[in-house]
Amino acid sequence: MTAPVLSIKGLTKAYPGVVANSDVSFDVYAGEVHALLGENGAGKSTLVKMIYGLVQPDAGTMTLEGKPYAPTEPRAARAAGVAMVFQHFSLFDAMNVAENIALGMENPPRLADLAGRIRDVSETYGLPLDPFRIVGDLSAGERQRVEIIRCLLQDPRLLIMDEPTSVLTPQEVEILFLTLRKLTAEGVAILYISHKLEEIRTLCDTATILRLGKKVATCTPSETTARELAEMMVGTVLHTPERSGRALGEVALELRGLSLRSPSAFGCALKDISLSVRQGEVLGLGGVAGNGQDELLGALSGELRSAPDMVRMHDQPVGMLGPMERRRIGLLCAPEERLGHAAAPDMSLTENAMLTGSQREGLERRGFLDWGRAQSFAEAIITRFDVRTPGAANAARSLSGGNLQKFVIGREVMQRPEVLVVNQPTWGVDASAAAAIRQALLDLAAGGTALVVISQDLDELMEIADRFGALNEGRLSAIRPTSELSIDEIGLMMGGAHDMAVAHV
Amino acid sequence: MDLSSINLVLLLASLMVAATPLLLAAIGELVVERAGVLNLGVEGMMITGAICGFAISVNTGNPLLGVVAAALGGAALALVFAALTQLALANQVASGLGLTLFGLGLSALIGQGYQGVRPPSFPRLSIPGLSDLPVVGRILFSHDLMVYFGLLVVAAVWFMLKYTRAGLILRAVGENHDAAHALGYKVKRIRIMAILFGGACAGMGGAYISLIRVPQWTEGMTAGIGWIALALVVFASWKPWRVLLGAYLFGGVTVIQLNLQAAGVAIPVEYLAMSPYLITILVLVIMSADKSKAPASLGRIFHASR
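All names here are of chain B. Applying the stated criterion across every chain, the model contains five aromatic pairs over all chains. Pairing F54 with Y114 gives two aromatic rings, centres 6.2 Å apart and planes at 90 degrees, and the pair type is edge-to-face. Residue F54 is located in helix α2 (residues 42-60), and its partner Y114 is located in the loop between α4 (92-110) and α5 (136-140); the two are separated by 60 residues in the primary sequence. Residue F54 is classed as buried on the basis of its relative accessible area, which comes to 0%. Taking the centre distance of 5.7 Å and the plane angle of 55 degrees together, the rings of W158 and W241 count as tilted. Of the two residues, W158 is situated in helix α6 (residues 145-163) and W241 in helix α11 (residues 240-263); the sequence distance between them amounts to 83 residues. Classification of W158 by relative accessible area gives partly exposed; the value is 29%.

Have a look at this one:
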């Protein structure tokens, strides 16, 4: 290979109390996809922010195409030929595609001309997009196209992608990969950040692995197993969750023709959903976000009431019961959004433990709160689930995403549920924490709890679920044993196999 | 009751005058809110502008200098708000309310000694030919300059928001400040400039009351126009031309009800007095039933380190 497009030497950045990056060096070459791997908090995002000019390094140098490179703001980075696709899309919902793209350019042409160029580029790279649609109405995959096209219009030398596939269906991921390969063939270098190791093994040419802010290794992902990659990230030997053989008990939870209108204007109504889960069984529900997951969780937790017979537990109608009554009979839920739904961000862990555990753990006495017991309950969760925090008195907000996730899942698991419903249990959680959470869920199932796991991470569902179904526009596909399914079939189920044309937009 | 005493031409002419203070204050606040900042201090900035403009006009004898002083006065008060909310990251609602109370007090203090004084009169438009036209000339072409200035500002704001890059960036900041920051736009700087613009507009709106509409100085003379301006921005769905429509509607109903009062209509005065507020809000509520939404970052505090 020739000289690197981007060369990083000894980059260091410290924040008060933490060293985010310490002496990181690596090179990215033209025409390669270079993966950046690491656990949450390993310093990937800080590193990328330095390359994109959002943060200035304390020490170290960068060279872009042979010239010294020290961007003081994203504008400078863009001018030098560095573009970035953000993990949480940096889009403006109320504006149309062309306006969004104009905002990411230095000298945008007139909107009409820009629209023409957007059409050209989107056709060249197989990413169809109408420049005048309002971004708020687009699907996650289409929104990502907006970001990618915004980058491509500036003829970047280096394209940074921060977890680009976390919101895409397998088919959309394939389209994305094709686009990326086309780009590398044109000599663009791509710096690719992802948690998904299999993806990195298929796509990336080189991988740099970060742990606790330091570079620990550079390797060729296709010659390394996912397990080795994960172990390099974590620094210890990784335990794959083990499924112990177990006998399934009676049907614990049953939905009969559950139909429900969504309370939110942008939500998705549930249409005639029927399923049953037996004791000791894990039912995995996949699907692209916004296809009824939140509504289904609401209907199961009791936040949304339905006709009594639509939700049945141990053959008793429970559709009319509220969340507290359902908790009392052992139907527990851990919703997706950690900050705001599963936990109250500004309340301490003790208070958050009290919020869902008061009934089943006996944390209140004659209407008065027993803070002592709530604290021991919170501490028990912290110990058992290895939540890294100085103590139970810390606010939920102060925990990192992965740690808080361990806490909110642990809080429900520790209450010995008869039926547990979790939505996105390991979203944004690093490999070792995710493995711990999955193991806890499997242990729970082994003890006879019926589990419903709603997730967009298909690998996760394949790993822990006994049976799999997909939600699409509020409908549930046929439920099939996971052992019989391939990823392709799952993709079709998610796209709505009843209407296959939708799947490969 | 004698409705024949109501002169339609005079009524339409005075509608534009009655609407101008509200129009100026509301278009300024519209820009501020489009940038994602909720400044509840409009009333305070208006009254401060009213007394600054009045005092400078009286002392220099130049009403145009007075308007400039009003804009500076309003912007100076807005600068306090900008410092509190953008730099010290204070709560916008509390800071805005504080600003109104502070402005009312400050204006009363400056206004000591200006009670009962008459300001110099304001130049009127006079275009030979046009201004002499019957009816149309009286309604459209013979107002003071500020009426036209107000219309110009609305048109300029509309054009800026819709067709210029500066307007696009301003809307982007109001829509999603984290994304705007990630793209490298200076969220704080843009917001501070928007806040200053809003302050200047509110100040001029206040000065219009003390220099032209009334014209004299009394404490608390803005009488809640600043609050109406805030409501107007919301009910106009953050759209400039709707703000103009709402302001004229409000001005129109105000003028009509004053005329009806004078004509001795057998409706209790209290009902007539509340009618401009009711009708304006009612019409705009009906109009805002479309899908337009508030700027998504409105009132949220921006912290770059997130």
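Picking up where we left off.
Our next topic: the nonpolar core. All names here are of chain A. In terms of nonpolar packing, the biggest core is built from 131 residues, with I101, L103, L159, M161, L180, I190 and Y192 touching the most fellow members. With near-sequence residues (within four places) excluded, I190 lies in contact with V28, E32, V33, H34, L158, L159, M161, L180, L183 and T184. Of all hydrophobic cores here, the second largest spans 49 residues; its members include I409, L441, L451 and V453.

Once that is clear, we can look at the sheet that holds strand β10 (residues 214-219) of chain A. Residues and elements named next belong to chain A. Spatially, six strands are ordered β6-β7-β8-β3-β9-β10 in an open sheet, and the strand pairing comes out mixed. Edge strands, defined here as strands with exactly one partner in the open sheet, are β6 (82-85) and β10. Neighbour-to-neighbour, the strand axes of the sheet open up by a mean angle of 20 degrees, direction not taken into account. Where strand β9 (residues 206-211) and β10 come together, five bridges link them in antiparallel fashion. When the bridges of β10 are listed, R211 appears paired with K214. Most of the contacts of helix α1 (residues 44-51) go to strand β3 (residues 33-38), to which it runs at about 140 degrees, and overall it touches β3, β6, β7 (158-162), β8 (189-193) and β9. Against the sheet, helix α6 (residues 170-185) touches β3, β7 and β8, its axis set at about 145 degrees to β8.

Calculation rules
Residues numbered from 1 in each chain as written. Chains lettered and ligands numbered in written order. Predicted model: local features only at pLDDT ≥ 70, side-chain atom pairs only at ≥ 80, totals over all residues. Heavy atoms only, no water. Phe/Tyr/Trp six-rings, centres within 6.5 Å; stacked < 30°, edge-to-face > 60°. Helix = DSSP H or I, 4+ residues; strand = E, 2+ residues; numbered from the N terminus. Buried < 20%, exposed > 50% of the residue type's maximum accessible area, 1.4 Å probe, protein only. Core = buried A, V, L, I, M, F, W, Y, C linked by side-chain atoms within 4.5 Å. Contact = heavy atoms within 4.5 Å. Pairing = 2+ DSSP bridges. Axes fitted to C-alpha atoms, helices over the stretch in contact; angles between N-to-C directions.

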